[in-house]
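Residue-level listing of the chains:
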Amino acid sequence: MPGPIILSPEQAPAALNLVGEELTFLATGEQTGSYEIFHQGGPEGSGPPPHHHEWDEAFYVLDGTIDFGIDDRQATATAGTFVHVPGGSTHWFRFGEGGGKMLSMTSRSGASAFFTQVNDEVSPTEPDFGTLARIAGEHGLTILPPPA
């Protein structure tokens, strides 16, 4: 059984660079035995392409504005907004003007391994969609092609 986690700022791992977005692991599934929590921040316009996966995901906006799309619904979230994405829903987000910060949580482990591999294999400045889609598939995610 996993033990307690107390993670001070000076103990936090280095942030990963996911196509311009910074993501820091706060708790992995290996540490919790189930869910994962991340701190995410990005400059204006950064964020993942539309995608879906079987696990639930939740976001809590800490700073700035972040546009979310979930299936056919879109909303702009400001600091203090909570967003829940049910597993299987196609979703995306974009950091708004001036960038933003949020906490994210997955209902099960697996995202941390995906994020690590993307950090290691996908250029943050010139990402290759084919490589990103391949890695996603290896981790149970489906990334939709960018619009034409």
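Residues numbered from 1 in each chain as written. Predicted model: local features only at pLDDT ≥ 70, side-chain atom pairs only at ≥ 80, totals over all residues. Heavy atoms only, no water.

Draft legend 1. A look at unusual backbone geometry. Although it is not a glycine, Val19 adopts a positive phi angle of roughly 50°. Inspection of the secondary structure assignment puts Val19 in the loop between β1 (16-18) and β2 (21-27). The class for Val19 is partly exposed, based on a relative accessible area of 33%. In this model, Asp71 sits at a positive phi of 50°, which is unusual for a non-glycine residue. Positionally, Asp71 belongs in the loop between β5 (57-70) and β6 (73-78). (Helix = DSSP H or I, 4+ residues; strand = E, 2+ residues; numbered from the N terminus. Buried < 20%, exposed > 50% of the residue type's maximum accessible area, 1.4 Å probe, protein only.)

Draft legend 2. Here's a closer look at the nonpolar core. Grouped together as the largest cluster of nonpolar side chains are 16 residues, with contacts concentrated most on Phe114, Phe115 and Val118. If you list the elements that add at least two residues to this core, you get β1, β2, α2 (111-121), α3 (129-138) and β9 (141-143). With four residues, the single largest contributor to this core is α2. Discounting chain neighbours no more than four positions away, the residues touching Phe115 are Leu16, Leu18, Leu23, Phe25 and Phe38. In terms of nonpolar packing, the next biggest core, distinct from the first, is built from eleven residues, Val61, Ile70, Ala77 and Phe93 among them. (Core = buried A, V, L, I, M, F, W, Y, C linked by side-chain atoms within 4.5 Å. Contact = heavy atoms within 4.5 Å.)

Draft legend 3. Fine view of the pattern of salt bridges. Within this structure, the stated rule accounts for two salt bridges. The partner of Arg134 in a salt bridge is Glu138, with the nearest N and O atoms 2.9 Å apart. Here Arg134 pairs with Glu138, and both are found in helix α3, just four residues apart, close to one helical turn. Residue classification places Arg134 among the partly exposed positions, given a relative accessible area of 39%. Taken together, the shared-partner salt bridges in this structure form one network comprising Glu121, Arg134 and Glu138. (Salt bridge = Lys/Arg side-chain N within 4 Å of Asp/Glu carboxyl O.)

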